[in-house]
Every structure is written in structure tokens, then in C-alpha cells.
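Below, each chain spelled out in residue letters.
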Amino acid sequence: MPALAELLQRTDIWRGDALATAPLPGIPTGFAELDAELPGGGWPRSGLMEILVDRTGIGELSLLLPMLARLSGEELAWLIFVAPPHLLYAPALADGGVALSRLLIVAAAGRNAAWACERALETDGVGALVAWLPETRPTELRRLQMAAEASRTLTCVFRPGVAANTASPAPLRLALESNERHLRVRLLKRRGNPLTRPLDLAIPRPPLADPSRHALACPLPAATAARSPGQPA
Amino acid sequence: MLWLALSLPQLPLEALASRPDATLPAAIVWHDRIVVGNEAATAAGIVAGLKLAAAWARLPALAIHERNPAAEASALQRLACWAGEYTSEISLRPPQTLLLEIGASLRLFGGAEALYARIVSACAGQGFQSQTAIAPTPLAAEWLASAANGALCLDGKTLPALLAPLPLQVLALSPAEEARLASFGARTLGDVLRLPRAGLAKRFGAGFATRLAQALGELPDPRPRFVFPQRFAERLELPAPVEHAPALLFAARRLIAALCGWLATRQSGVLHCRLELEHQRGHPATPLDLAFAAATRDGERMLRILGERLHSLQLNSATSALRLLADSPQPLPGRDAALFADGHGNPAQESLAALVERLQARLGADGIHALCRVDEHRPELASRPMAPWSAAPRTPAAAHGPRPLWLLPQPQALRERDGQPQHGGPLRLLVGPERIESGWWDAGEPGATGDLRRDYFIALSPHAEWLWVFRSAEGWFLHGLFA
């Protein structure tokens, strides 16, 4: 049936037993086993992506770091972080290869955060938008998905793990758990056949070798008395 | 030279702060005589020059307003500022005419017809009904405009033919002079132009003959040039007090259009301007400062920023008038089409600048920031937020141990049990210690980090979180997360 074969060439239609093809090639994630399981062979360049994670500090940013480094360093695109839960630490980002001169951080809470995301998606030259929206509502997510679909910005939204129980308009959903040195990624939803087995990614962790460094700016004065020589001993 | 005359017959009515309802007859009165009436009044036969008693006899329901020359002058000046968008050669012809020299602007705006249509519609957008004409001399343009036949005369040769059918009223002569011309049998301007000029000069004075010659372009007709104010300060009375802040956007649009015209004649933009909302009954005015990432004279961009500011504004008292203030215009480089897009002024950069402005307008100036790395061994100080677009300090990458991606704003104290720090269970210390100490030089200063003595460890919690903890004299603290 030639008509059916033609139809299957479309990027928004895929067979249930195969991975969909993406309209744009994805951005390599830096992890080959993850690239192999994502439509387009990497993070999607448009459309919403949800990362469900319950704890901070398990490696959720290290997973994105190769992509952020590539977008800001090689493609000279801007990175916008909306409502991060803690302070982003510049030395660690720079060590990870992120160009700090192309990074903007938006401090917004509640509905302002979703509003800021929408405005950022309307802007040219934004390579990646990473937002923490713990209490976002379905209508806001739907609007974000529409805006992300129309833009050329990688849009990544962090939400708590309980969101896995509710439906979401995002075409790609990941849940993260820490597994000691590895990061366990479960693909909850993707365009294509579902993947039931979790992926254990060897994300960069702090080296276990003892750094044995001593960050001392200058030698300490020998004794407090040295600063006040006039005092009798 | 090509002059566009913008005559505003309804200006006395339009300059009124509280504009009367257009469907009810209303008129402006000056010294007991009607100056101008609105459409409903004119339809009932209320014409200019009618005595007030006669007008009331004809139409008892007529509402009258005293003329306000100061408001008219200020409206005319605001309109002159706005017209700076189209040309820098502007001459005011009080009480109600504006002359624009558009000869030099034709190419930019795509020809006389296009410019004419654009000015007429923009003038209506400013809230003024206009009669417009184009002629090679200012006087002819004025006459054609006051006759309201919308003439476009681009060539001096066709001018006498266009002027010929005009009635004598456009000359604004005294009744005696008009009667005298009528006694010669002259009914139109064409009749007057046919009469011998020397005889006219003898009977009506040299001035009259000179004006005719000036209108035809035979004699020069220098006009005083409108001097744009050094500082932009325009005020707009609102027709009714406004309680709801976003509703002010529409009125502010007019002031911003005037500001853009004022900026266009100076080839400049503004970095900031201030809109003051004046309230009734002695409430102090509410100032709204609008700041832009780069000098701009893009009215739409200003309105977007203003819209965000008004959106988050709660008015305590109704607003009765708006005032827009701007000074220190910044030169704005002309935009030339670059063959290769470079970093400076490319569309993506401008689009991002607009985003930053918009976010700042809604979230406050520190709602959006950039991040820079500082050569400093104390962890809190090695990463610093800074305003977008400010230059980051150039620092050599200092060698240091592994650093976490998340830092807590304040170190969080951890409980200790059996000599082990606890965070949801006992922590496993994997790497460490890395000693970070000293900082006596700013100890005791307000807000400074001060002297430190800390041993940092990388620890793994029972929930498999990778943590950055330290031990100091005060005990164990959590300081960061390896995300």
C-alpha cells in the first residue's frame, strides 16, 4: 500500500513497534546508550521534555551538562534557567564546559515562572531553557508544550516524581534515580515503542582520589600578638 | 521644497480634557461667539461666528465649553513632537495648523501618496481630525488644507489651476476687504489671481500682493522653524479618571508616539524615561520608571515594557492625567544592512535584550541575572550573580578540588551522631578533607564572608545524594550538592 508507506514517512506518525524519527536531529546527550533510545538520536531540539526527580543532588544536572556545554560553547546559543531551587555554582558549570557569558538565570516564583518560560521560548537565539516548575498546572504545561513546539529551543522542565502518575502533554518524559555511581534513567514516555528497561548511565561523579589540596590564600599570621606589637606580653 | 499642511479644524474641541460625547451637540465659545461645533452641532446649523444667544435659540440643548488656548497650544506642540517622526522641518501656525516640509522625506516613506496616507491615519490615531494638503509653497498648502479638498500638488505648474476654485474665505480677509473684492466681481481665488497685481497692491496694500506672490512661489516665504524642546515633558489629561492601571496603556500610547517623534529628529533613543500618573485631590503622583537594555526609540518595545509595569501596578487612587518625561537622549547609530551578521546588533541579540527588559519590568531589576566566576578560594565568593550584559571579570581558572553544581545560599547545619554527620541517615565520607581557610581581610565587615576554617568532604547520603559537606569549629554543615 503506497499511501500507507507515504504516511509513515511523516515525522509525527510512527509505528508502535519502532522509534519515531524526529523532524530535526537531536543534540547528542553525551551518553551513547541514551542517544540510541531517543527519537532523533539525542535531546529534542523542540518540544517539551520533562524530567521527574524527587531529590536534588543525584546527578540531574550532570545529565544535561554535555548538552549545555555544546549549546553555549559551540553553537553560541543562550541558556536560560528559570527558578532553580538552589544557587547555580559558576566554577562547577565552567569546569563542565558551559560558557558562563551565555547564561541567564531568572528568579521567578509560581505563575511568573511559567510566564517567564513562555517569554523565553518566544525569543530567538535561546538554545536551551531549563526550568523548575514544581507546582505547575496542566494548562500551563500545555501552553509551554505549544510554545516549545513552535520554537527551536530545547525545553526541559524539572518536576517532582509524583507527576509520573498524571498525564502530561510533554512528548518526552524521564524519571531519574541515583544508583550509587550511576544515574538510573527510566524513559516513561517517548515517541515510539515504550522502553521498559531502565538505563544506567555513567555520569561524571566527583573523583574518588583524594585531592589533598589546601586552599590557603596566604600564610596565617604567626600569632595574634604579631598584629599588636605595642601590647605588653 | 514640498509642504504638507495639517489643519486641525476641531482642535479646540479635541484639546479639551473631558471630550464631550460626540453624539450630543457641543460647541466651543470664545467671547460670546461660537468658535467650532462638533458634528451634531454643525448638522443643527451651529456655525462658527454665531452669537451664543442665537445658537441657543436655534438649539437649546447645545452644551458649550469655554475655549482653552493653553491646552490648544500644548496639544499642537505635542503633535509637532509626534510629527518629528516624518520630518525635522516643522513650522507651527497657531492656532490650528502644522506645516511639515516633506520634500526630503519622500524617498524614505515611499512617495508623496504613501506619506500622505500614513500621516493622515497616524494623526487620527493621535485623536485629531485633520484636513491635509500638499503644495510646493507653505501658504498654498495652508489654503488648500483649509478648503478641505485633500489636494496633492507636487508640481508648481499645476498650482494656479488648483488654487483657482478656492473660495475667498481661505484668505482670511476682513469683511470690508472681502466686500471690496466682491465688488470687483471676484468670487474665487482664481478671479483674484487674474487681476493685475499692481492695482491690487494699490487698493489692498503691498502685503496682500506679497502673500499672493508667496503662495505662487514667486517670492520666498521663510517660516519659523519649530524648535524641539531639549527635554521631553508632555502631559495628557484623561477624559475620565482611570482606576484600573492596564487601561492607561491606551492613553500612554499617544505620549509614547510623541516621544518617538521627538527622538527621531535627534537620531537618538532613550535608555530610560518616566511616566507619572497624576491623581486627583492632592494625592502625590505615582512615578513609573521605564528602563531599557539599550537606547531605543521603538514605540512598540516601550509599550510592551510599560504594559508589564502597569500589569503589576495597584492604583490607590484614580489617575486623572499622564505625564511622560525623558531627557538625555542617547545617539542611536543608523542601522546599515550588514553583509555578515556580527555579534553586535544581530536580531537574536536584540530579541534577547527585549526579553531581559520584559522580565525585568515584571519581576524587578534583580529578577534576571547572569553568573560570573571570581578568582577566590572561599566557595561562597567564587560564584557571583551580576547584571545581564555587564562584563565579567577576567579570571584565570584557579585550580581547585571538585566543586558541586548546586550551592546552598547558607550552609545548612547537620546533626552529628557517633562522630558521623547525618542527612537522612549517616553520611559516607568518600573524599576529603580539602582544607579551605583564611579570609581575615574582610572579617567583621557587614555582609562579608570573613575568616573561614573548614575541611570539605564529598559525602554520599543513604538516598544516594552526592553532597559537599564541611566540618568547622561549629560542627558539620551541608554546603552543596553534586547534581
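Computed from a predicted model, the values in this text were never measured in an experiment. (Residues numbered from 1 in each chain as written. Chains lettered and ligands numbered in written order. Predicted model: local features only at pLDDT ≥ 70, side-chain atom pairs only at ≥ 80, totals over all residues.)

1. What to know about the overall build of chain B
Rules: Helix and strand assignments follow DSSP, with helices taken as H or I runs no shorter than four residues and strands as E runs no shorter than two, numbered in order from the N terminus. Burial in this document is a count-based property: other C-beta atoms within 10 Å of a residue's C-beta are tallied, and the residue is buried at 20 or more, exposed at 12 or fewer, or partly exposed in between, with C-beta positions derived from the backbone. Residues are treated as contacting if the C-beta atoms built from their backbones sit within 7 Å of each other.
Along chain B, the regular secondary structure elements total 15 helices and 20 strands. Expressed as a percentage of its 483 residues, the buried residues of chain B come to 36%. Relative to all contacts within chain B whose residues are 6 or more apart in sequence, the contacts with residues 24 or more apart total 56%.

2. Quick look at the packing of helix α5 (residues 111-121) of chain A against helix α6 (residues 138-150) of chain A
All names here are of chain A. Rules: An axis is simply a line fitted to the C-alpha atoms; with a helix, the fit covers only the stretch in contact. Between two such axes, the angle follows the N-to-C directions and lies from 0 to 180 degrees. Angle categories are assigned with fixed cut-offs, so that under 35 degrees is roughly parallel, over 145 is roughly antiparallel, 65 to 115 is roughly perpendicular, and the rest are oblique. Note on residue classes: Ala, Val, Leu, Ile, Met, Phe, Trp, Tyr, Cys and Pro are nonpolar, Asp, Glu, Lys and Arg are charged, and everything else, Gly too, is polar.
Between α5 and α6, whose axes approach to 9 Å, the crossing angle comes to 10 degrees. In terms of their interaxial angle, α5 and α6 are classed as roughly parallel. Two secondary-structure elements touch here, α5 through Ala114, Cys117, Glu118 and Leu121 and α6 through Glu140, Arg143, Leu144, Ala147 and Ala148. Looking at the contact of α5 with α6 residue by residue, the class counts come to six nonpolar, no polar and three charged.

3. Some details on the interface of chain B and chain A
Note: interface size is frequently given as the accessible area lost on complex formation between the parts. Under the convention used in this document: Two strands qualify as a pair provided that DSSP identifies no fewer than 2 bridges between them.
Across the boundary between the two partners, chain B contributes 49 residues, which contact 50 residues of chain A. For the side of chain B that touches chain A, the elements supplying multiple residues, two or more each, are α15 (347-363), β13 (368-373), β15 (406-417), β17 (428-437), β19 (466-472) and β20 (475-481) of chain B. Considering every element that reaches the side of chain B that touches chain A, the biggest residue donor is α15 of chain B, with ten residues. Residue composition of the side of chain B that touches chain A, by class: 30 nonpolar, eleven polar and eight charged. Looking at chain direction, strand β3 (residues 87-88) of chain A and β15 of chain B are connected through two bridges and run antiparallel. Considered in β15 of chain B, the bridge of Leu88 of chain A is made with Trp406 of chain B.

4. So, the confidence of the model for chain B
All names here are of chain B. What counts is decided by this rule: Values of pLDDT, which run from 0 to 100, indicate the predictor's confidence residue by residue.
The predicted model of chain B has a mean per-residue pLDDT of 84, with 95% of residues at 70 or higher. For residues 336-345, every residue scores under 50 in pLDDT, and the model assigns this stretch two contacts once sequence neighbours within four places are set aside. On the interface metric, ipTM, the complex scores 0.81, and its pTM is 0.65.

5. Observations regarding the confidence of the model for chain A
Across chain A, the average pLDDT comes to 82, with 88% of residues at 70 or higher. Counted against residues more than four places away or in other chains, residues 214-233 of chain A, with its pLDDT under 50, gives 14 contacts.

6. Describing the packing of helix α7 (residues 138-147) of chain B against helix α12 (residues 206-215) of chain B
Two numbers describe a pair of packed helices, the interaxial angle and the distance between the axes. Residue and element names in this part refer to chain B. For the pair α7 and α12, the least separation of the axes is 7 Å and the interaxial angle reads 90 degrees. One finds that α7 runs roughly perpendicular with respect to α12. Facing Leu139, Ala140 and Trp143 of α7, the residues of α12 in contact are Arg211, Gln214 and Ala215. Per-class residue counts for the contact of α7 with α12 are four nonpolar, one polar and one charged.

7. Points about the environment of Gly199 of chain B
Looking at the element boundaries, Gly199 of chain B is found in helix α11 (residues 197-204). Taking the C-alpha atoms as reference, Gly199 of chain B lies 9.2 Å from Ala209 of chain B; in sequence the two are ten residues apart.

8. Let's talk about the sheet that holds strand β4 (residues 63-66) of chain B
All names here are of chain B. One open sheet accounts for three strands, arranged β3-β2-β4; its pairing is mixed. Single-partner strands in this sheet number two, and they are β3 (33-37) and β4. Adjacent strand axes in the sheet meet at a mean angle of 40 degrees, parallel and antiparallel pairs treated alike. Relative to β3, strand β2 (residues 26-30) runs antiparallel, the two sharing four bridges. Residue pairing across strands places Trp30 opposite Arg33, the latter belonging to β3.

9. Let's talk about the nonpolar core
For the record, the criterion: For our purposes the nonpolar core covers buried Ala, Val, Leu, Ile, Met, Phe, Trp, Tyr and Cys residues that link as a set through C-beta atoms within 7 Å.
Counting residues in each nonpolar core, the largest one holds 102 residues, and the members touching the most others are Ile80, Val82, Val106, Cys117, Leu129 and Ala131 of chain A together with Val469 of chain B. A per-element tally of this core places helix α3 (residues 60-74) of chain A first, with seven residues. Filtering out sequence-adjacent residues up to four positions away, Cys117 of chain A remains in contact with Val82, Leu129, Ala131 and Leu144 of chain A. Formed by 88 residues, the second largest nonpolar core is a distinct cluster that contains Leu2, Trp3, Leu99 and Leu275 of chain B.

10. Concerning the sheet that holds strand β7 (residues 131-135) of chain B
Paired through their backbone hydrogen bonds, the strands of a sheet run either parallel or antiparallel. Residue and element names in this part refer to chain B. What the four strands build is an open sheet, ordered β5-β6-β1-β7; its pairing is antiparallel. Here the strands that pair on one side only, and so sit at the sheet edges, are β5 (90-93) and β7. Adjacent strand axes in the sheet meet at a mean angle of 20 degrees when their direction is disregarded. Inspection of the sheet shows strand β1 (residues 3-7) paired to strand β6 (residues 97-101) by five bridges, in the antiparallel sense. Bridged to Trp3 within β6 is Glu101. Lying over the sheet, helix α6 (residues 112-125) contacts β1 and β7, oriented at roughly 155 degrees with respect to β7. Strands in contact with α7 are β1, β5, β6 and β7; relative to β7, the strand with the most contacts, it is inclined by about 145 degrees.

11. A look at the pairing of strand β6 (residues 154-159) of chain A
Residues and elements named next belong to chain A. Formally: The path from the first strand over the helix to the second decides the hand: if it runs clockwise while the strands point away from the viewer, the crossover is right-handed.
Summarising burial for β6: six of the six residues are buried, a large majority. Of the two faces of β6, the one carrying Leu154, Cys156 and Phe158 and the one carrying Thr155, Val157 and Arg159 are both buried. As paired elements, strand β1 (residues 48-52) and β6 share five bridges and run parallel to each other. Following the sheet pairing, Leu52 is matched in β6 by Arg159. By the bridge criterion, five bridges tie strand β5 (residues 126-132) to β6 in an arrangement that is parallel. Directly across from Val130, in β6, lies its bridge partner Cys156. In terms of handedness, the path from β5 via α6 over to β6 forms a crossover that is right-handed.

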